[in-house]
Amino acid sequence: MSATSRLLFDEPGPRARRGTRAATLVSALVLLALAALAVRQFAANGQLDAARWQPYATWPMWRYLLGGLWSTLLAAVVSAALAMAGGLLLALGRVSPRRPVRWAAGTYVEVVRTIPALLLVYVVLFALPRYGLDLPLFWKLVVPLSVSNAAAFAEIFRAGILSVERGQSEAGLAIGLTRGQTMRLIVLPQAARRVLPSIVSQSVGLLKDTSLGFVVSYAELLYSGKVLANYNHLLIQTYIVVALVYLVVNASLSKLARTLETRQAGAARRAEAGAPKPPAAPEAALHA
Amino acid sequence: MDALSGNLPALWDGLIVTLQLTLLAFAGASVAGILVATARVSPVPVLRAAGTVYVETLQNIPLLVLLILAVFGLPEIGVQAGLFTTAVVVIALYQAAYIAEALRSGINSVPAGQGEAARALGLGFTGSLRHVVLPQSLGTVVQPLGNIFIMLTMNTSLAAAVGVVELTAAANRVNLIEAQPIPIFVGAGVAYMLLSSLVGFVTGVLERRLAVHR
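Note that this is a predicted model, so its numbers are computed, not measured. (Residues numbered from 1 in each chain as written. Chains lettered and ligands numbered in written order. Predicted model: local features only at pLDDT ≥ 70, side-chain atom pairs only at ≥ 80, totals over all residues.)

Another point: the overall build of chain B. What chain B contains, in helices and strands, is 9 helices and 0 strands. If one aligns the C-alpha atoms of chain B with their principal axes, the spans along those axes are about 70 × 45 × 20 Å. Classification of the 214 residues of chain B by burial places 50% in the buried group. For chain B, long-range pairs separated by at least 24 residues make up 77% of all intrachain contacts whose partners lie at least 6 apart in sequence. (Helix = DSSP H or I, 4+ residues; strand = E, 2+ residues; numbered from the N terminus. Buried ≥ 20, exposed ≤ 12 C-beta atoms within 10 Å, placed from the backbone. Contact = placed C-beta atoms within 7 Å.)

Let us look at the overall build of chain A. The helix and strand inventory of chain A stands at 12 helices and 0 strands. Put simply, chain A runs from its N terminus to its C terminus through helices and strands in the order α-α-α-α-α-α-α-α-α-α-α-α. In terms of overall dimensions, chain A is more spread out than a globule: its C-alpha atoms have a radius of gyration of 25 Å, far above the 19 Å expected for 288 residues. Dimensions of chain A, computed from C-alpha atoms along their principal axes, come out at roughly 75 × 75 × 30 Å. Per-residue burial for chain A yields a buried fraction of 33% across its 288 residues. Sequence separation of at least 24 residues holds for 71% of the intrachain contacts in chain A that already meet a minimum separation of 6. (Rg over C-alpha atoms; globule rule 2.2 N^0.38 Å.)

Chain B puts 51 residues into the contact, and the matching count from chain A is 51 residues. Listing elements by their share of the side of chain B that touches chain A, those giving two or more residues are helix H3 (45-60), helix H4 (63-73), helix H5 (83-108), helix H6 (112-120), helix H7 (125-155), helix H8 (167-178) and helix H9 (181-210) of chain B. Here the side of chain B that touches chain A takes 8 residues from H9 of chain B, the largest share from any one element.

Attention now goes to helix H9 (residues 179-209) of chain A. An ideal rise of 1.5 Å per residue puts 45 Å on 31 residues; H9 of chain A reaches only 36 Å between its terminal C-alpha atoms. Approximately 55° is the largest bend angle found in H9 of chain A, and it occurs at valine 195 of chain A, with the proline proline 197 of chain A only one to four residues beyond. (Expected span 1.5 Å × (residues − 1). Bend = angle between axes of the 7 residues up to and from the residue.)

A separate point is the environment of asparagine 60 of chain B. Tracing the chain through its elements places asparagine 60 of chain B in helix H3. Along the chain, asparagine 60 of chain B and tyrosine 94 of chain B lie 34 residues apart, while their C-alpha atoms are 9.9 Å from each other. With residues near it in sequence (within four places) discarded, asparagine 60 of chain B still touches Tyr246, Leu247, Asn250, Ala251 and Ser254 of chain A.

So, about the packing of helix H8 (residues 166-174) of chain A against H9 of chain A. All names here are of chain A. Running from N to C, H8 and H9 point in directions that differ by 160°, and their axes come no closer than 9 Å. Taken as axis vectors, H8 and H9 run roughly antiparallel relative to one another. Considering how the two elements wind past one another, H8 and H9 form a crossing that is right-handed. Judged by residue contacts, Gln168, Ser169, Gly172 and Leu173 of H8 engage Thr182, Ile186, Val187 and Gln190 from H9. For the contact of H8 with H9, a count of residues per class yields 3 nonpolar, 5 polar and no charged. (Axes fitted to C-alpha atoms, helices over the stretch in contact; angles between N-to-C directions. Parallel < 35°, antiparallel > 145°, perpendicular 65-115°, else oblique. Left-handed = near helix turned anticlockwise from the far one by under 90°. Nonpolar A, V, L, I, M, F, W, Y, C, P; charged D, E, K, R; others polar.)

A few words on the confidence of the model for chain A. Any residue range with low pLDDT should be treated as having predicted coordinates unsuitable for detailed reading. Summary statistics for chain A give a mean pLDDT of 87 and a share of 92% for residues scoring 70 or more. This model gives residues 276-288 of chain A a pLDDT under 50, and the stretch forms 20 contacts once residues within four places in sequence are excluded. (pLDDT = per-residue confidence, 0-100.)

Moving on, we get to the environment of glutamine 95 of chain B. Along the polypeptide, glutamine 95 of chain B turns up in helix H5. Residues glutamine 95 of chain B and leucine 152 of chain B, spaced 57 residues apart in sequence, show a C-alpha to C-alpha distance of 6.9 Å.

If you want to describe how two helices pack, look at the angle between their axes and the distance between the axes. All names here are of chain B. For the pair H8 and H9, the least separation of the axes is 9 Å and the interaxial angle reads 170°. Judged by the inter-axis angle, H8 sits roughly antiparallel to H9. The segment H8 lies against H9, with Leu167, Thr168, Ala171, Val174, Asn175 and Glu178 engaging Pro181, Ile184, Phe185, Ala188 and Ala191. Its residues assigned to classes, the contact of H8 with H9 shows 8 nonpolar, 2 polar and 1 charged.

What follows concerns unusual backbone geometry. Backbone phi values are negative for most residues with the exception of glycine, while trans is the configuration of most peptide bonds. Phi is positive for serine 217 of chain A, which is not a glycine, with a value near 60°. Residue placement: serine 217 of chain A occurs in the loop between helix H10 (213-216) and helix H11 (221-232).

Moving on: the nonpolar core. Core analysis: the largest hydrophobic core is formed by 128 residues, its most contacted members being Leu118 of chain A together with Leu64, Val65, Leu67 and Ile91 of chain B. Considering every element that reaches this core, the biggest residue donor is H5 of chain B, with 15 residues. Among all residues touching leucine 67 of chain B, those that are not within four sequence positions of it are Ala87, Val90, Leu158, Ala159 and Val162 of chain B. (Core = buried A, V, L, I, M, F, W, Y, C linked by C-beta atoms within 7 Å.)

The subject of this paragraph is the confidence of the model for chain B. Residue and element names in this part refer to chain B. Scored by pLDDT, chain B comes out at a mean of 89, with 98% of its residues at no less than 70. For chain B, helix H1 (residues 2-6) is the element with the lowest average pLDDT, namely 70, and H5 is the one with the highest, namely 94. ipTM for the predicted complex: 0.87, alongside a pTM of 0.86.

Here is the structure:
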């Protein structure tokens, strides 16, 4: 059992086991009742008819949706690349020895972090064209997402840079590297490894943000779903399928983030112990 | 600047709707989040599994997809609710997954000895959670909860995409009439910033109050 379980209850005795069994029964019944209610509601309104789900067992529907997924991934990857590059520059700015640079980077992060991505999308959609900047559809989605996620990535990178022990950069300077070289050769590589899990989970957030393509009418997964639902009138079925596709893609990414985190926690413990063999210690911090 | 001052009532109404969405959804999300977090640390395997599935599902589907599914899909299965109510419920359920995770890591941050001491005193699962573990975890979860509150405030803007006229939608409407994007969007942005800095200030104060020194 995990650390959480040990915190709140001991190895159960006969009475506790009876209680647990009763609670299991009750909660299973409640959950089943909820599921039954949902199924009844679907069935009563004819939404469970085979004819309404059958289209999603055919290839053309999936080909169309997978095309949407491809656009989603494309937008996510390009936004992530731009946002990470911007975030890295901002993070370097925030730890810069020059006050104006620090101030400018800090202001950007603090301001953008508190403005909804949708507001930025509206700015790109409706404000910029008035000033003669009418971007192609793809960039109307990617630019606001990059601008807003750059601030989030900046905070992640900054935390990573600050987590590297002072002694590391002092050692770099002591062997005659310049500040830039120390940052590039010593601090950043260590920071990057530490923040990798956060980067992956922020990328899940970014992938979810690409659903704003719905507003931009860029044909990513959600907008493709809308087009499809308008065409085949299978509204609820289409959006459920779209939601499931998002779920599968994002859950895989989240799983990757957790695996990286676990591996890193193991590496950190080994480094602390100063021994290469993996200790079998309890892992309270793992689920943090 | 006239575009901004002339349309202050419309923008003000939008801000009020944003505030209502935020506060109601956060209240709902807190209740649901506490329930889900409790389920995830309970000794009942079914509840633990249900809690995990809830968090995984809600965290990995975009809020906009959930909003659209609820706003356009629920009427198709005979569930009729107002637009605003639907938006509040969906945002609350979505953020509940995040609150549950924050609470769970707060619970995990309490030393195991505290739980053991509570049991030694004869407190049961709910008793030790309510009187010993949760109060001590409050100090560590204030900051994450504040961040979730800010995230929720910004996420209420997605309700604009399904037709709720809150601040973002109001700004957009005013801009379509006035065609003066800079003052209007900057005004809306400043309003969001003020809201978040207020939250940041409150969480800072709360964190100092609730900190447990060991």
